[in-house]
Amino acid sequence: MTVRPIRPEEKLTFDKIQTIAFLLSRNFNKEDADASKTGESYKTGRAAFDNNGKMCSCLNLLPFSITFDGSTVPMGGIGGVASLPEERDKKYIRSIFEYVMNEMYENGCVFSYLYPFSHAYYRKFGYELNMTSIKYTIPVTSFRHFVQTGRLKLMEDDSDKQAVMAVYDEYIRDKNLAVVRGDRHWKKRFDNDPYRDNVYLYIWYNSRDEARGYIQYHTERSGEFKWNMVVRELIWLEPEALKGIFAFISKLSSQVGKMIWKAPSFAELLPLFPEPYDVSQEVLKAGMNRIVNVRKAFELMSLPDCKGEVVIGVEDPFFPINSGNYRISWDNGNRLVERCKAEPDIICSVQALSQLLTGFASIEALNVAGTVSINDKGDILSSIFRPKKLFINDYF
């Protein structure tokens, strides 16, 4: 077996494997298989080949930058994980993950993120559930009590796009795992025409004419004369922006029946509506995260203002370079992270550590679940591993 990046002339085979694996439909007979026309897309492909040179399994390794405790760090996005049906259960995917873990580590990635078909499957490679969202379904008529403040403008030109990007960049500063978007990410967001595609992006401006929020949505038919509004992204920098956008939604009631929004888990809407029965909520499981470089993550994580020291034992059997005990000491903004042989104050898997570091789960909850073992300094550990806001709305 050989694992390596694919070559330009192998991109067609790569695409065919993903098409078969995901039960997609694609007419390759009408497509030009000329390798010179594949562009740069082949560069993210990683594949496993059998001893006869047959490509059997593959995935995309996509470079991202994300937010983590106030810093911007490299992240390896994993997508399109696929195997030919006849080549499954032969450890090809495991071998590719071993390859890309080393590649990500060498390239300075701190985290890796993916959207699983099975959480149990990817947990074997060190990934763990690290994001949930709340799917809200609310009748548009239930927004009528919101009073319109500010103004909303349909995005039309480059200055509007700059305003949207600036709002997003400010919004993600205090969030973890949010993608720091570049031109390629924004192109996907902006490459929709409201008149052609029925995809709309409205910007909310406050009384000082400052852009402080936006909503992007499309419509889906619901019955003969009604539509549902499906929110693609809703960003707000202050409560007034959220309420102003909600007031705008109420104006669509003659055509739109319900608003459907997969909101971040920290968006608590129930207190905003006088009749809670109108607000339907469903918790959705989103992506899985894993720490690629534990030491770097410890060097970047936020710490309490006080002076302190803890020893954290980490177990990472799939990528053993991370395993071991780490002493973390800090005082007045200075910190030292070093390997040690001291008894750990807490022992955790790399999966549980990802949930703790990003603020997805509390140390108390994981202690009850049995995924961490606390030996000492529980109060200090609780002050380190505190709840944080998480947000990611980019799919790959």
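Read on for an overview of the structure. (Residues numbered from 1 in each chain as written. Predicted model: local features only at pLDDT ≥ 70, side-chain atom pairs only at ≥ 80, totals over all residues. Heavy atoms only, no water.)

**Focus on the sheet that holds strand E3 (residues 55–68)**
Quick note on the threshold: For two strands to be treated as a pair, DSSP must find at least two bridges joining them. A run of H or I in DSSP counts as a helix once it spans at least four residues, and a run of E counts as a strand once it spans at least two, with each numbered from the N terminus. When checking whether two residues touch, look at their non-hydrogen atoms; a contact exists if any pair is within 4.5 Å. Between the N-to-C directions of two axes lies an angle of 0 to 180 degrees, each axis being a line fitted to C-alpha atoms and, for a helix, fitted only over the stretch in contact.
Judged by pairing direction, the sheet is mixed, and its 7 strands sit side by side in the order E1-E2-E3-E4-E5-E14-E6 without closing on themselves. Both outer strands of the open sheet, strand E1 (2–5) and strand E6 (128–129), are each paired with one neighbouring strand and no more. Sheet topology places strand E4 (residues 71–83) next to strand E5 (residues 111–114); 4 bridges connect them, and they run parallel. Looking across to E5, one finds that Gly 76 is bridged to Ser 112. Docked against the sheet, helix H2 (residues 92–106) engages E1, strand E2 (45–49), E3, E4, E5 and strand E14 (288–291), running at close to 35° with respect to E3.

**Section: the layout of surface pockets**
Space left empty within the atom packing is revealed by a probe, the size of a water molecule, rolled over the atoms. Let me state the cut-off plainly: Using protein atoms alone on a 1 Å grid, points that fit a 1.4 Å probe yet trap it form a cavity, whereas open point sets bounded by protein on both sides within 12 Å along at least five of seven lines form a pocket; residues with an atom within 4 Å of a point count as lining. Grid points are joined across faces, edges and corners, and a volume is the space filled by probe spheres set on the points. Polar here means any residue other than Ala, Val, Leu, Ile, Met, Phe, Trp, Tyr, Cys and Pro, which are nonpolar, and Asp, Glu, Lys and Arg, which are charged; Gly is therefore polar.
Taken as a whole, the largest pocket holds about 630 Å³ of empty space. In terms of lining, the largest pocket is formed by 26 residues, of which the most central are Val 81, Ile 93, Phe 117, Tyr 121 and Tyr 122. No other element matches the 6 residues that E4 contributes to the lining of the largest pocket. In terms of residue class, the lining of the largest pocket is built from 15 nonpolar, 4 polar and 7 charged. Within this model, the second largest pocket holds a volume of roughly 440 Å³. Lining the second largest pocket we find 25 residues, and of these Ser 133, Lys 262, Ile 392, Asn 393 and Tyr 395 sit closest to its centre. Within the residue set of the lining of the second largest pocket, elements represented by two or more residues are strand E7 (132–139), strand E11 (227–236), strand E12 (256–264) and strand E13 (280–285).

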